[in-house]
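Architecture at a glance
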Amino acid sequence: MKDRSIDIKNIVKMIAKSKSFPYSNAVKKIKKDRKGYYQQKDIKLKSKSLSTDRFQQYLKTIQEEDDTN
């Protein structure tokens with residue numbers, strides 16, 4: 001008989017992960033709107049790293065791309 005402690009650890013880890021509110025919330029958002037979720041995440045990162053002018057230009061390009069699609 002195999003040692004089932006590894007299987008039990010994996011099962012407990014999977015249950016803990018699926019019941020985690022931030023993780024389950026992110027999964028729901030991704031399933032609902034994958035492109036929008038990652039775009040929002042990218043916007044949040046760019047707002048911290050880019051200057052105000054560059055960030056506004058970045059938002060304009062995103063808006064123009066969305067209008068053309």
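Since the model is a prediction, treat every value here as computed from it, not as a measurement.

1. Observations regarding the overall build of the protein chain
Scanning the protein chain from N- to C-terminus turns up four helices and zero strands. Ordered by position from N to C terminus, the α and β elements of the protein chain give α-α-α-α. Taking 11 Å as the expected radius of gyration for a compact globule of 69 residues, we find that the protein chain reaches 20 Å, considerably beyond that expectation. Expressed along its principal axes, the backbone C-alpha trace of the protein chain runs to roughly 65 × 25 × 20 Å. The buried share of the protein chain, taken over its 69 residues, is 10%. Roughly 6,600 Å² of accessible area belongs to the protein chain as shown, and the carbon and sulfur atoms make up 55% of that amount.

2. Examining the layout of surface pockets
By volume, the largest pocket amounts to about 180 Å³. Taken together, Lys 29, Asp 33, Gly 36, Tyr 37, Gln 40, Lys 41, Lys 44 and Leu 45 make up the full set of residues lining the largest pocket. If you tally residues by element for the lining of the largest pocket, the top one is helix 3 (residues 34–49), at six residues. In terms of residue class, the lining of the largest pocket is built from two nonpolar, two polar and four charged.

3. Things to note about the pattern of salt bridges
Evaluation of the coordinates by the stated rule reveals one salt bridge. Linking Asp 66 and Lys 35 is a salt bridge whose minimum nitrogen-to-oxygen distance equals 4.0 Å. Separated by 31 residues along the polypeptide, Asp 66 in helix 4 (residues 52–68) and Lys 35 in helix 3 bring together distant segments of the chain.

4. Let's talk about the packing of helix 2 (residues 21–32) against helix 3
Contact geometry of helix 2 with helix 3 gives a least axis separation of 5 Å together with a crossing angle of 120°. With respect to helix 3, the element helix 2 is oriented oblique. Together, Ala 26, Lys 29, Ile 30 and Lys 32 of helix 2 and Arg 34, Tyr 37 and Tyr 38 of helix 3 make up the contact between the two elements. Here the residues of the contact of helix 2 with helix 3 sort into four nonpolar, no polar and three charged.

5. Some details on the confidence of the model for the protein chain
Residues with a pLDDT of 70 or more make up 94% of the protein chain, whose mean pLDDT is 88. For the protein chain, the element scoring lowest by mean pLDDT is helix 1 (residues 5–19), at 87; helix 3 scores highest, at 93.

What counts, and at which threshold
Residues numbered from 1 in each chain as written. Predicted model: local features only at pLDDT ≥ 70, side-chain atom pairs only at ≥ 80, totals over all residues. Heavy atoms only, no water. Helix = DSSP H or I, 4+ residues; strand = E, 2+ residues; numbered from the N terminus. Rg over C-alpha atoms; globule rule 2.2 N^0.38 Å. Buried < 20%, exposed > 50% of the residue type's maximum accessible area, 1.4 Å probe, protein only. Areas by Shrake-Rupley, 256 points an atom, 1.4 Å probe, with all protein chains shown as cover. 1 Å grid on protein atoms, 1.4 Å probe; cavity = no way out; pocket = protein on both sides within 12 Å on 5 of 7 lines; lining within 4 Å. Points joined across faces, edges and corners; volume = space filled by probe spheres on them. Nonpolar A, V, L, I, M, F, W, Y, C, P; charged D, E, K, R; others polar. Salt bridge = Lys/Arg side-chain N within 4 Å of Asp/Glu carboxyl O. Axes fitted to C-alpha atoms, helices over the stretch in contact; angles between N-to-C directions. Parallel < 35°, antiparallel > 145°, perpendicular 65-115°, else oblique. Contact = heavy atoms within 4.5 Å. pLDDT = per-residue confidence, 0-100.

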